[in-house]
Every structure is written in structure tokens, then in C-alpha cells.
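Examining the three-dimensional arrangement
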Amino acid sequence: MEPRSSQYVLSKLSSLLYSSDSEAGLKQYWMPDDISLECYECTSKFTSFRRRHHCRVCGQVFCSKCCSSYIPGKHIGHNGNLRVCTFCYRSFQSMLEQGGLENDNPVENGGQGVGEAVQYRRRQSIDQVAQLSGSQPHLASSPASFKLNRKASTNVPMYGGENVSDPDSSPHSQGTQEMVKLKDPLALSRLWERVLEPGVGIQLETHRYYLRSYPGTFQGSKLVVWLMAQDSQTTTSHSQAVAIGQALLTAGLMSAVSGQLVFSDSTDLYLPSQPSLPDITESSTGRTPEPNVQEPAWLQELADSPFRPEKKNSNSSQRPTENKNKSGDTKDRETVPDGLMDVDVGELKESIADLVDSEDSELLENVYQSHEEKYLDTMLTAESIPEDWRKTILNLAEKAVEMVKPDVRYRGDEMDIRAYVKVKCVAWGQREDSRLVEGEVCSLQLTHKGMAGTIHKPRIALVAESIMFKDRNTMVSLESIQLQEAEYVKNVIGKLLDSRPNVVLVEKTVTNLAQEIFLKEGVSLALNVKPRVLQRLARLTQGGIIKSVDSMMSPPKLGTCEQFISHQSICSSGRRGTRLLVFDGCSPALGGTILLRGGDRQFLSKVKAVLNRILLIKYNWKHEKSLLANEYGSLMDSNITQEGFDQYQLAVSPFIKVLKNDSLVSFAVEAQDISDIAENDQSEDIQRDSNHPQYQLHNRCKDFIKMKVTSLTDDELGDKQALFRAAGWRLSPPSPLVIKPKVNYTVLLPEDHTENLSVQFSMYSKQSHVAPNYCVSPWVVNMQLYGTLDIGLGDFLDSLCFSSDYSCPNKQCSTLPLHHTRRFCHAGGAVSLHMQQLEAPIMGEDTDRLMMWKYCTSCEMITNIVPVSDSTWSLSFAMFLHLLMHENQLVRRGASRPDATCSHSLHQEHLTCFGKGDQVATFRYSKLHVWDIATPPDKLIIPSPCYSKENLMMILMDYKKAGSAVYSSVLEKLHQAKVENADTACGLMNDQEGEHQAYRERVENLEERINASESQGVETMSLLRLLQRDILMTQQTWMKRLSGVEIAGKNGKKGMVRANSTEIIDSAGKKADTDTTVKKLISTILPHTEENILPNPFPHDIHLITHIKGVELDFPNPYFVTENKPSSLISYLLSSPSYQEYLVSDEEDEHFVLEVSDLTTKFYCCSYFTKEFHQLRQLIFPNGEQNFVHSLSDCSRWEAMGGKSGLLFYKTRDDRFVLKQMSRFEYQSFLDFAPHYFQYLQQSIQSETKTLLGKIVGVFKIGFKNSATGSGMNMEFLIMENLFYGKEVTKSYDLKGSVRNRLINEGESQSGQVLLDENLVRVSCESPLYINQQDKEVLNEAVRRDTAFLASHHMMDYSLLAGICDKDNKLVVGIIDYIRTFTWDKKLETLVKSVKSSGVFGGQAKTPTVINPDLYQMRFTDAMNRYFSAVPE
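Residues numbered from 1 in each chain as written. Predicted model: local features only at pLDDT ≥ 70, side-chain atom pairs only at ≥ 80, totals over all residues. Heavy atoms only, no water.

**Observations concerning helix α10 (residues 389-403)**
Taking 1.5 Å per residue, 15 residues should reach 21 Å; α10 reaches 21 Å between its end C-alpha atoms and fits that length. Inspection of α10 places W389, R390, T392, I393, L396, A397, A400, V401 and M403 among the buried residues, and these make up the whole buried set. (Helix = DSSP H or I, 4+ residues; strand = E, 2+ residues; numbered from the N terminus. Expected span 1.5 Å × (residues − 1). Buried < 20%, exposed > 50% of the residue type's maximum accessible area, 1.4 Å probe, protein only.)

**Re the packing of helix α27 (residues 1170-1180) against helix α29 (residues 1224-1246)**
Where α27 meets α29, the axes come as close as 11 Å, and the angle between the chain directions of the two elements is 25°. Looking at the two axes, α27 sits roughly parallel to α29. You can see that α27 and α29 cross each other, and the crossing is left-handed. Contacts between α27 and α29 pair E1172, F1173, L1176, L1179 and I1180 from the former with F1230, Y1237, F1238, L1241, Q1242 and I1245 from the latter. Classifying every residue of the contact of α27 with α29 gives 9 nonpolar, 1 polar and 1 charged. (Axes fitted to C-alpha atoms, helices over the stretch in contact; angles between N-to-C directions. Parallel < 35°, antiparallel > 145°, perpendicular 65-115°, else oblique. Left-handed = near helix turned anticlockwise from the far one by under 90°. Contact = heavy atoms within 4.5 Å. Nonpolar A, V, L, I, M, F, W, Y, C, P; charged D, E, K, R; others polar.)

**Description of the nonpolar core**
In this structure, Y1378 and F1428 are the most contacted members of the largest nonpolar core, which totals 97 residues. When residues in this core are grouped by element, the largest group, 8 residues, is from α29. Those residues within four positions of F1428 in sequence are excluded, and the remaining contacts are L1295, L1329, I1331, K1336, L1339, L1360, A1362, L1371 and V1373. Judged by nonpolar contacts, the second largest core, of 96 residues, contains Y375, F761, L833 and A878. (Core = buried A, V, L, I, M, F, W, Y, C linked by side-chain atoms within 4.5 Å.)

**Points about the side chain of S524**
Checked against the element boundaries, S524 lands in strand β17 (residues 524-526). Taking the relative accessible area as the measure of exposure, S524 reaches 0% and is therefore buried. A distance of 2.7 Å separates a polar side-chain atom of S524 from the backbone oxygen of A452. Among all residues touching S524, those that are not within four sequence positions of it are L446, M451, A452, I455, N502, V503, V504 and F564. (Polar contact = N/O pair within 3.5 Å; in protein donor to acceptor, adjacent residues only side chain to side chain.)

**Points about the sheet that holds strand β56 (residues 1428-1431)**
If you walk across this open sheet you meet the 7 strands as β52-β51-β54-β55-β39-β53-β56, and the pairing is mixed. If you trace the sheet from one side to the other, it starts and ends with β52 (1314-1315) and β56, each paired once. In this structure, strand β54 (residues 1359-1365) lies alongside strand β55 (residues 1370-1376), joined through 7 bridges in antiparallel fashion. Bridge pairing in β55 places C1365 opposite K1370. Packing of helix α30 (residues 1317-1324) onto the sheet brings it into contact with β51 (1291-1295), β52 and β53 (1329-1332), and relative to β51 it is tilted by some 115°. (Pairing = 2+ DSSP bridges.)

**Quick notes on helix α31 (residues 1333-1352)**
With 20 residues, α31 should reach 28 Å at 1.5 Å per residue; the first-to-last C-alpha distance of 29 Å fits that figure. All of the buried residues in α31 are D1335, K1336, L1339, A1342, V1343, D1346, T1347, F1349, L1350 and A1351. Looking at the buried side of α31, the elements it contacts are β39 (930-934), α29, β53, β55, α33 (1413-1427) and β56. Taking the backbone nitrogen of Q1334 as reference, a side-chain oxygen 3.3 Å away marks N1332 as the first, capping residue of α31.

**Some thoughts on a negative patch on the surface**
Residues D1146, E1147, D1149 and E1150 make up a contiguous surface patch of negative charge. You can see D1146 is positioned in the loop between α26 (1137-1144) and β44 (1152-1157). The exposure class of D1146 is exposed, given its relative accessible area of 73%. (Patch = residues over 30% accessible without salt bridge, like charges linked within 9 Å, V, L, I, M, F, W, Y side chains within 5 Å. Areas by Shrake-Rupley, 256 points an atom, 1.4 Å probe, with all protein chains shown as cover. Salt bridge = Lys/Arg side-chain N within 4 Å of Asp/Glu carboxyl O. Lys, Arg positive; Asp, Glu negative; His and termini not counted. Charge placed at Lys NZ, Arg CZ, Asp CG, Glu CD.)

**Looking at the pattern of salt bridges**
Counted by the stated rule, this structure contains 41 salt bridges. Among the salt bridges present, the one from R390 reaches D377, with a minimum N-O distance of 1.8 Å. On the criterion of sequence distance, the pair formed by R390 in helix α10 and D377 in helix α9 (residues 358-383) is long-range, its members being 13 residues apart. A salt bridge links E1276 to K1261, with the nearest nitrogen and oxygen atoms 3.8 Å apart. Taken together, the positions of E1276 in strand β50 (residues 1272-1281) and K1261 in strand β49 (residues 1256-1266) put the pair 15 residues apart, joining distant regions of the chain. Taking relative accessible area as the criterion, E1276 reaches 13% and is therefore assigned buried. Taken together, the shared-partner salt bridges connect E372, E398 and K618 into one network.

**A word on the environment of F923**
Mapped onto the fold, F923 is located in strand β38 (residues 919-927). Under the relative-accessibility criterion, F923 is labelled buried at 1%. Once residues within four sequence positions are removed from consideration, F923 is found in contact with F796, L797, V831, S832, L833, F877, F880, L884, H910, L911, T912 and F914.

**Considerations on the pairing of strand β3 (residues 69-72)**
Alternating residues of β3 divide into S69 and I71 and Y70 and P72, and every residue in both groups is buried. Examined bridge by bridge, β3 and strand β4 (residues 81-84) share 4 bridges and lie antiparallel to one another. From the neighbouring strand, Y70 faces β4, where its bridge partner is R83.

**Examining the side chain of S832**
Summarising the element assignment, S832 is placed in strand β32 (residues 829-837). Accessibility expressed as a relative area gives 11% for S832, which makes it buried. Not counting residues within four places of it along the chain, the set of residues in contact with S832 comprises R822, R823, T922, F923 and R924.

**Things to note about the sheet that holds strand β13 (residues 440-442)**
Hydrogen bonds along the backbone pair up the strands of a sheet, which may run parallel or antiparallel. Strand order in the open sheet formed by 4 strands is β13-β21-β20-β14, and the pairing between neighbours is antiparallel. Only two strands of the sheet have a single partner each, and these edge strands are β13 and β14 (454-456). Between one strand axis and the next, the sheet turns through 25° on average, direction left out of account. Sheet topology note: the strand β20 (residues 563-570)/strand β21 (residues 576-584) ladder contains 7 bridges and is antiparallel. In the sheet register, Q568 faces β21, and the bridge partner there is R579.

Keep in mind that these numbers describe shape and distance, not what the molecule does.
What follows is the structure, encoded as C-alpha cells:
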């Protein structure tokens, strides 16, 4: 028998609705008593005391225990009640709850409904029902996935209602009862209103969940307690309350904060929600009955999975329910976009003129014909199809489009005409034999040659199941099967033949007995019919598909056509080809089949692919032309041609012109269905191989067969006999059938970029409490033209714009869709959808008509308001977006006239407006600003030093003044010393004069060199540095000389003869060494007196290093160290000979230390991981370290805005590198992190893998102590690349992925201000940062890889620095501050901020910025994906 599933029983119950037979008439199809030996349900044997009872629905025989329920006969046209089995009764009850059965009789006796009139004898207790529902929450799933459990009921008494009546009592004697049906949304809604009723229901509170506060929530246990406490007369069990909670959760009336789908009696939090319940009142003003609003598949999934939607077939089969009620308050409307409704609404009147102007229509048609010709040329050339096929393809496609008319608007047909026009390839034959059949052609053959092959106006029965005896998932004995099979087949065939069909098509198999009966009765039978063929035949012949033959209680709806023919094609060799069944003469508007002949299977596959593409083009033009007529569209140039067709990408529409992109793939794969390709050998797919062995003996069997039997009592004989029996005498079963594989011919067609539209969809509202965030975050929808995820233009407007039942997909948003903005972005353009509500309906009292018009924002002109035609209503929404984004040739009608005032683009410079009732939806096109991503480069190019003549001359003049000041001071001191020691002073004055003269000549030579030089001045700058060094050394030398003269004068050595200057200097030097300690001590206490000391020609913080590790240098390096420029000391270290010696040495110490000094200051510099950083710099500096050393020679303090750490920042003078002071925790973290950093960065560079980490090129510790001024420093610095080098950044963001304390006030006067996350979020809806799809993929992958690396080493609190460069159209990004681990201080910070920001002390709950590294990585990655929106190409 047919398996007794819910589908089986429900189909049979549905058939009962149309039955008018008496119960006696049903008995002819009952299973006979004499062959039923046991109960079909419990398999209990029938005896004299256990009698047989027939179920009036399924006809099987049961015992009294399993067949004790009754259903009211009034539902199926019978008097009294019908006795049914338990399983069928519960199936009938489920149909009542789901609205599958309608009561023809009005409600009687005090409002008693259908469900109350159902009598039954045995039923389970409420506790059992609730326990089963609670333990199996899947039973409360949606009706679409409903599977009836034989032990479960779906009724629970409403609290405060009457108890369930005694089964033996009459239903009319009971009071009014109200039942909560767990699958009835209206009943659940009434209960939910009581649950939330203030003062009566449960109390909503604010609860904590994972460091966030959720106001307006309740715990699941409190709902259970409330439900159990409501029943005053009966005790509601705990299991009942849990079952009701599960039903409320499944119905969407509440949602779990944790996202779970199973209700739990615990502290789990639940949030109330208000889903839109279907309107149960019928509209009396609609022209046609309309089902409830249904969103397209891609929009239904927004709330649950905004980034990975499942692909579904287009669902345009339901028409929206139209409602006259206004949806929204006109007093609180959003600001209307500029130019939206500047024209007085009272002046908008419907045009009564003809929509189609003959001249403009003819011009548009000519353009299309030219486009179609060029398009077909491309297809035929690409597939090497002969030119003589052109006319055949065009004629067949034209006839199909004219004949087949899918009714998307009123009948809910599919949008794509190709769903109803089948292309059937039958190999060989002549091309002239190709034709359009008004019906179906399929590769099938009748089961017997004696069956009729030609029938005029046949009566066609379509059966979806097999016709054979099967048990219904129960244990049935073989004896019962033998007794019941023949009787069952006779009964089933008798039911079917009562409707007098002469053609029967069965999806699966039919027993031999049934085939013989069909043959005897003159019925043509075909087996193994594919389900989609059955569905096509049901549509074309207007017949119904019989789900199960044995469940038919009334005659089925048979299909018919004009002619049924069983035909066999003829091959080119004259042999017989494929058997075909042709159903000709069906309703042409419903569909048809194009029969292709004239080639082999591979060639016809190509023709089929091209024909399907031309079908789409012609069908789309039918709707597109209607839209252009409604828009009053025309062409400015009447002589437009299709010249340059090859330079544009292929497009279905003749007005969409997009230049080819060489990076795009030029071919798309279009797979063909091999079932639609028939050839002569296809009817013999299964053949017998005569050479295949029938069986193969097992080795143990061979031993037993070949053994010679000498004695029956031989033990060896017994053993081998046992092995023979155990082996089953065969090694493997025979395989006599060899199945030939079917060949699938794949066709490559030139890609048409309009067949698929990848569009980024988003939705937001300023008035929503979700703002400034999106209600629907941007995500990419892949819409297939007239196919998957597409929707009709009118369906979109009626269902998702003007329907009062439509609400924002975001459950947290309660703002009306009227105040939302929807944006569709694609290929550098965006279409924004705005809505507004008018004070009065557009067309007066006619509020059901969908109207449209165009409005030019530049000329402020409006076209006539016209009704949306049916063809425009059925236009693909994807094609509508294509036209708005890519079409720029069309203008409004009359623009080519001399007196025309508006010649602007019809789609890109006009607003497209639709109105219904008092609401208006406006589509506006705008260009997007798409930024190009600039990531940190793998190689750092450091500019070579370059000095201008003016700069060099300025430096020389400064040095000239400094040198002149030294010699002038020396001369002055010598004049003062001449009074006491004339002879010595006179000698020194002569020396001073000579040195000064040489100095002046040197300066003059440098001046001439600068004026004559045309190069970058690098060598000249080196000479200037030597000059600076010599000036400072001259000052120090003369200080020693003058000190000697002073000492000699004070000692009163009057008889002293004149000695040479070198002796005096030596003696003075020795004396100076002995007094060094005293001078240092005095200098720290007393202020300096410059009486006997030469003034320093340069600032006091500039030092010439004279000692390295305490050893005096004979010729100091001409690199000066400046106290307030830490990079100068690093530059000195990298240029020192000691550093170069360390690099080539084998020292094991990872760090290099250099201690230097001059006369007053000691310096300390430590280079961490010296050799590792040197290797890294060699890898990323293609020009070596020389320019790097030069870049570090000079820097300046940089006040980095936006930081909260208070650390120091410096920038090199060439702006190439940044020095950042490291905190103690960062310094300690880096010591552990550095080896991994070197390895990761080296691997990324060598493998050319993109990384966003800002490169750290060195870490140093710097310290100094100036004994003269008392100043000093002891800090660690890291040197990293400046991500904004060479970029004119107008705005920058420091992004961490958190919005807690991530907002600063934007000041116009604060240049270089770094904004934070919340600053970006507040402008992301209206002015998002758009990047192209390829850059988005690269960015996401780099962020994912880098953050995974950082999280694996416990790094957190890093940021993505993003800078906007308007001049270069660049968006510069890079990760910075990534050497901070999750140490105890950060853990303490996280704990404190979690409590402070949890909402306990008021305010909105926000996650702290600093969290666990793994959680930080997830939040950071997700935020970067949201912050930057990709625009599909």
C-alpha cells in the first residue's frame, strides 16, 4: 500500500472535500475482510472477539482500538460522522488547524467552530501532549516542514477556558471553549497579548548577557511560572507551559537573545517581538483576490543571514495584498530629497493620450532590430553555426514570444518565459522540420506496442507515485501481502478507470497486473516520467497530478489536448530513432515546445543555447519597450546605429552600453540538459553483454565440487561441505547489464553581463533607534535576470513599497518603511529608493492603481502620470536597475524638437517615480565615489637626499657667521690677554689671523661651488658638514690655547721666555685634565661665566662626538647629535665603524650598545635585535641603508592627534619614518614578539603575500646626560614607516572596531585630526567608504591573516589607520600599534570598563575597547568588513 505518511493522508483528506458519494459508495474500494488477517496498525490478529473495522479514509482494516475516532461528515458532503483510524484522524485535525479544510456550514450554537464539532473517543491527556511537544521541539516547526507524529497532539487548553469535554457527551452541550492551537498564529497572538499586558502579564526587565545589557527582556523560567499560574480551574503542568513557550518562540512572537531556537525553562533571556500576522479580512475593493504579501527570497533572508543567502527560485507567484490604509504619520515624515515633489501635486493628472507614439516607437524598434542582428551574429560566429540557421532561430523565438504569455501579475507565473518554452533537440532530420509545438514533446514510449499511439482529444491522467502494492512503513506478513496485492491493484485501477482516462503517465513504476488491465481497457500507459515533465503537462493540459491513486475518493481532474501522438524519429541513415510522445494542441498562452532538427546532438546543443539566449532577448524587449512607453522615452539622435558593437560587452538590452574590460572572463559556462537531446541510440541505453560471466565460483566451492567422494563419513568431506554452504557458492552476484554513459555536451556562449546582476543592497533610516547603524547592513545580492533572486518591478513596488504589511527586516527597528532609504550599488553607480506620503491620493478615489511618471531634477519638468501596464509590471527588477545605472542614450519624448526644453538623460538625470494611493516611491541615480585601496608597500623607497642652491647657501651663511663669531671671539680674548702676557698673545694673534684667512678662502670656495653646481648637492652638503665640524673643533682648540695663556698669566711667570704654542697648549691641557672634576662640580652649582670661555657657535643641544667608549677620536665623525632629535643619535650609531664591525662579527649578543660623549654630554644608544633588523632592512630597502641613515639624521617633534597614551612621536625631516616612544609594557612585549615578527614579515615579502602591518624597521633605547645644562633622556623608541608618506591626506581614521569612547568632536580648524570609529559609523550610511570588489577581497584576506597572526601571539589593542586622499582618490590603510599583549593591566582595564559600560549605571551597554585577543580579532575583522563597502563590478 501507499506509505501512510502525512502527505498521503492529507492528499486523501483533500480529495474528500470534493466527494459527494455516500459511505456505501466508498465501500467498493475497501480492503476485503477475508484477506485481512491482522490489524494494519498494531498487527494484532483478528479473532471472534477482536473484530475488523475499516477506516473510511485509507480503506485499511484495523482493530477497534486503532480505529476509534470520528470526523464530521459535513466537511466531505456526508451525513453524520465518519469512522477513521487514529493516524488519519490526527492528520485531519492538523488540516483543520492549518486552515486546509473549510467549513461550508456557518458557525452555529453560540459561535461553536469546526474544531469544537469534531468528536473523538480516545485521546491522550494534556500532560502527554505537552511532554511530547516539549521533548520534541521540532514538532512546533513551520507547516512547510511539518511531519506529523503519531503520538502527538497540537491542542492545548487556553488558560481560563473550559476543560475538554467528555468524549461521550454531545459537542453542543458544552459551553464555548477557546483553544490555543500551537500552530495557529492568531490564537498564539491573543495569548501573547495577555502575556505582555501591563499589570497582568509578565514584567519586562533589563538583564545582563555576555557583558551587555538587554532592556525589555524576560527569563524563560518566569514565562513558565506565569503560564502555570494562570489556570484557575485546572492545573497546567510544567510540560504544557514549556510546550507553549516553544510554540511562541517558533511563531516569532519572541526571540532568544542567545539566538537559540529551542525554548528553555531556565535563565535564558528572551526578547518580545511583533511579527506581522496575515490579514484575515478580505479586501472588498480589489479587482482580483490576492494572497498575502511575500517578499523575494533574497530579502526574506536579510534578518537571519545578511552575508550568505541561499539561492532560491524566483517567487513571483504571489501578488501582494493591497490595503487602502495609510502606513505612516504624515506629520513625522523624513526630509524629502531635492526635486522629489517640487511640482504641485494637484497638477498631476493622468494622461489620456496614447502611450505609444508611432514615430518614437518605430525608432526604438529599429534600434532593437539592429541590436538583435548584431547580437545573433556574435552568437553564431562564436558557436560556428551556419548562417542559414539565422532565420530559423529568429522565427522560432518570435513565434514563442508571441504565443506564450506568462501571467506574472495575476496568475503568479514564473518571470522567465524559458520556464514555459521548452527546447527539445531530436538528432538528425532536416532543419526545415524544426517547429513550435503548442504543447509538450518528451522522450517516452508506451509500455506495450498494442496500445493506441494516436488519440484525438485524449483524457490524460497524471500519477505522481507508483501503482503497486506497498506497506505503509509497518510490519506486514508475507501472507497478508500475497492475499491483498491482487485485490489492492484491482481496487486502485478501478478507481482510476472510473474517470475514463485513455492516456496514463506514471512517475515511477506500475505492476504487471496493472499494465495488463490498462492494455485490456485500451488505455495508453507510459512509465518513468520525470516530475518536471508531469508538472509541465499538468500546466499545459490543465490536469491535476494525482498524488496517490488509492487516496482518490472522487474523480481526478484529467487533462486534455487536441492530439496525442506516439512518434518515432528517423535518423539520417534511415534507422529508427527515438520514441517521442507529443501532446499537441494545448493552450498556446500556457507554454510550448520548440522541436529542433537538422544535426547531431552536439550541434543541436549549440543551437539550443543560442535559441534560449535569443528567447530571453526578445522576451525582455517586450517588457522593456513597455517601460519606455510608460516613461515617454525616446532617442535624441534618430540616426543612431550599432557601430562599435564589438567594443561593448554583450547586453540583453539594446541601450545598455558598457565598455569591455580585458580582465573579465569572456566566456560563461551554460550546461545543457541531456534529457532534452535525443538520438537513435538513446533508446537502447541498457544492453546485455553476452560475454559477461553469469557467476563466479568461490574458491571454497571449487574445492568441494572437485573433491572425489569416497566415503560419506569422511571428516574432510563434512568440513568442505560446511565451507561450501557458508560461502554461498558464489563469489559475487552476476552483472549482466552494461549501462552506456550519457554524454553531456557543455556549450560555451559569449558572456552577457546583464544576465547576472551583483548589486549591493542596504537599508537605513535616520528616524530609527538603530541609527546611525544600518537596518540592513550592506551585502551583495546576485540577481539572475528573470530568475533566481529576481522579482518583477511591479511585484517589488506592491509587496515591498506600498504594502501596509511590509515592515523593516530588522526586528529591532520599529520605524515604518516609509521613512527608510534603500540603496542599490553596482559598478560605480547607486540607485536610492526614497518614499514619502502625500496629503491626498494621487488619482483621487482610485487608490488601487499603480501609477508612474518621470521628473527632471534640472528642468523641474514632469511627464504625464500614467498607469503601469502589465508588461511593465512584469519587467525584471534587475533589468530595471541595469537601465538606471548603465543607460545614458534615452531622453524624454520630444527632446529632439527645436522647441524642446529638456534633453537630459531619461534614467540618470530623471527621477523615476511610482505612486499608489497617497504614497510615492522615487528611484534616484547617483555616481559613487569608489576609492582605490593603498596598502603598505613591500619595498620601502627612501628618497635620496636632495638640496637646493638656496638651502645650501642658507646653511653656508649660517656656518659662515658661526665661524666668524669664533675667530672674532678669539681675537677679542687675545687682546684682553695681551695686557698681561704680550709676547704670547702676539704670537697667538698671528696664528689666529692665518687660520681666519684660510677659513675665509674655504668659505669663498664653497660659495663658488654652490653657485656653479647643478646637481642635487649631496657632495656639497658633505663639505658643509666638514666645515661645521671644523668650526666646532676650532672653537674647542682655541679654548684650550686661551686657557693656557690665562693660566700662565695668573701664575706670574714674568721671566718666562716665549715658548712655542704647542708647549703651552700641552701644559694647559694637563692642567685642564686635573681640574675636570672640580669644574664639573662647580658647573652644576654656579652659573657659567663666559669671561674666559669662547661662546659656542652652535646651539648647546648640538654635539660633536669626540669620545667613543671613553676613547678620544683623532678625527671625529662629521655627524652631529642633537639632544631633541633622538633619530640623530640612531643615525650616528648606524654610521659608526663599531656598528659595521658588529654586523660582520660572530657575537652572540642580540643587541648592540654604543656609548659616546663630548666635553659636556654622555650618550647611550642600544640597538635591539641588531642583526635581525639589519637583514629585514636589506630585504625591504632596495637601495640599501645609506638613505635610511641619512633620513634619520634629522627629525622633529610630531604632535599625533587622536592618541591617548601621552607618548612622544617624532617624524624624520623627509617625512618617511615615524619614531614612537614605547611604553614599558610594549617594550617587554616586543622582546618576546620580535622573532615571530621577523619570520612572519619575511615570509609575507618573499611569498608576495599582502600584509597590512606597518613595518617596524628598528627598535632602540636612547639616553643622554648633559652635565652642563642638567638635561637628560632615557626612552625606548621604535621606528616604523610613515603610512601616509607622499600622500596628501585630508581625513584620517584610527579604527579599532569598538564604539566605546571612540568619538571625538570634529574641528574644522584642527588640521591633521585623527577621527575614530564612531565618527565613521555616523557617516557610513549616507557617505560610506566604497571600494571595488577586488580591493575588498584583498583587504579582508590581509586583515584576516594579520589579525590571526597577532592573536596567536596574544596581541591586541591594534588599530587600522585609514587615510583619505582626495587628490589621488586613494584610501590608505595599514595596521599600527600591534605590539601590545593582553597583560594583567589590560585585563584589569577590561574588567573595570566592562562594569562601567554595562548599563548598570545608566547608558547604553557597549563592549570595552580592550578585550581578549581572540575576541578582539573577531570584532576587528568583522568591523573592518563593515566599514568598507564593496561595489560589485
